[in-house]
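Okay, here's what each chain looks like letter by letter:
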Amino acid sequence: MDSTLDTDNTPQLLNSIIGLIDTTRQNVARTVNQELTLLYWNIGKSINDDVLKNDRANYGKKLILGLSQELSKRYGTGFNKRNLHSFIKLNTVFQDITIVHTVCAQLSWSHIRTLIYIEDHIKREFYLQMCKHERWSVRTLQERIDSMLFERTAISKKPEETIINELKVLETENKISPDLAFRDPYFLDFLGLHDTYSERDLESSILAQLQYFITEMGSEFAFLARQKRITIDNEDFYIDLLFYHRGLKSLIAIDLKLGKFKAGYKSQMELYLSWLEHNEQKEGENKPIGLILCSEKSSEQINYLMLDNDEHIKIAKYLTQLPKKELLLEKLKKAIAIVENNTKK
């Protein structure tokens, strides 16, 4: 009896078995991650409860030191003092275990450990929901935090209640809003542009570094065209860059400008968006959105044109060289204050 496999069927059978093994491994890893995270939460709760019962000076420090030494002897460095503090923090931040069940079903312990040390609860929720939505790696999550993505996102300039509501919609309906999708400023330091350069240099550099550009823009941006030609009244116009945003279900027209924002840029973008709506927008898609990227913004012009809260035209600054983090944070705080002040008028 011939015991050899039918070579014609072997690749199909092999691929099927490989798929089964890989799927099971992923499921096992996911289950292990969930169980470990729940274990860490319970350890943190046990320590927190014990510390509350014994309100004595330095009791908590001595308790954690003693526990870490004994647990490390039995189970290794996974239960050292630093990790025990993380377990305590996990229980402190997420006091409801049902929330932990939900979060650990979608994010790894490494993601969660990064998130729990963000003190501001609104900012923490932003990174948590965006991390789930865009499926960031732990490294990407940390990079987003380091680059102050929350402060650069339009949503950070909104009232707290609005931020919470939009994050809730993202969580429950998986629907992202333009205020969550767009940033200001955009960091384009990876383009390697210094001193003098033209709009064509800027555009060419973006295309040469398209992967990095999309990483900065957001993972749901998909590149469609460069110098998209549109013809109106026998006159040709060109959209610098055309993208599609999967979450927003909208075409995104990007206009690149070297200098400060000028009022005339708005009417130009309105023309582009109207043409795209009538000629490129497909059934089921939302209206196109325009992003005007300038090296400087003109806050008064933007305010008089009522573009601060415009859903379809976004104005943002880009930086080809990064300032010190402290200076950038100061500028972002000033920008938020200007928007809040204009909203009150």
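Presented here is a report on the structure given in the accompanying data block. (Residues numbered from 1 in each chain as written. Predicted model: local features only at pLDDT ≥ 70, side-chain atom pairs only at ≥ 80, totals over all residues. Heavy atoms only, no water.)

**Quick word on the side chain of K89**
Item 1. Within the secondary structure, K89 is located in helix α3 (residues 81-93).
Item 2. The residues touching K89, leaving out its near neighbours within four places in the chain, are I116, Y117 and E119. (Helix = DSSP H or I, 4+ residues; strand = E, 2+ residues; numbered from the N terminus. Contact = heavy atoms within 4.5 Å.)

**Examining the sheet that holds strand β3 (residues 235-245)**
Note on sheets: strands pair through backbone hydrogen bonds, and any given pair is parallel or antiparallel.
Item 1. Reading across the sheet, the six strands line up as β1-β6-β5-β4-β3-β2 and stay open at both edges, with mixed pairing between neighbours. Pairing within the sheet leaves two strands with one partner each, and these edge strands are β1 (186-187) and β2 (221-232).
Item 2. The sheet contact formed by strand β5 (residues 289-294) and strand β6 (residues 313-319) spans five bridges and is parallel. Residue pairing across strands places I292 opposite I315, the latter belonging to β6.
Item 3. Of the strands in this sheet, β2, β3, β4 (250-256) and β6 touch helix α11 (residues 199-208), which is tilted by about 145° from β2.
Item 4. Along the sheet, helix α13 (residues 264-279) makes contact with β2, β3, β4, β5 and β6, crossing β5 at roughly 145°. (Pairing = 2+ DSSP bridges. Axes fitted to C-alpha atoms, helices over the stretch in contact; angles between N-to-C directions.)

**A look at the pairing of β5**
Here is the key point about a regular strand: its side chains alternate between the two faces of the sheet.
Item 1. With six of six residues buried, β5 is to be regarded as a mostly interior element.
Item 2. Strand direction decides the pairing type here: β4 and β5, joined by five bridges, are parallel. Within β5, the residue paired with D255 across the bridge is I292.
Item 3. What joins β4 to β5 is α13, and the crossover it makes is right-handed.
Item 4. The parallel pair β5 and β6 is bridged by helix α14 (residues 299-304), and the resulting crossover is right-handed. (Buried < 20%, exposed > 50% of the residue type's maximum accessible area, 1.4 Å probe, protein only. Right-handed = clockwise from strand over helix to strand, strands pointing away.)

**A short note on the environment of I118**
Item 1. Turning to its location among the elements, I118 is positioned in the loop between α5 (109-115) and α6 (121-134).
Item 2. Distance in space between the C-alpha atoms of I118 and V93 is 9.7 Å, their sequence separation being 25 residues.
Item 3. Beyond its immediate chain neighbours, meaning those up to four positions away, I118 contacts K123, R124, Y127 and I145.

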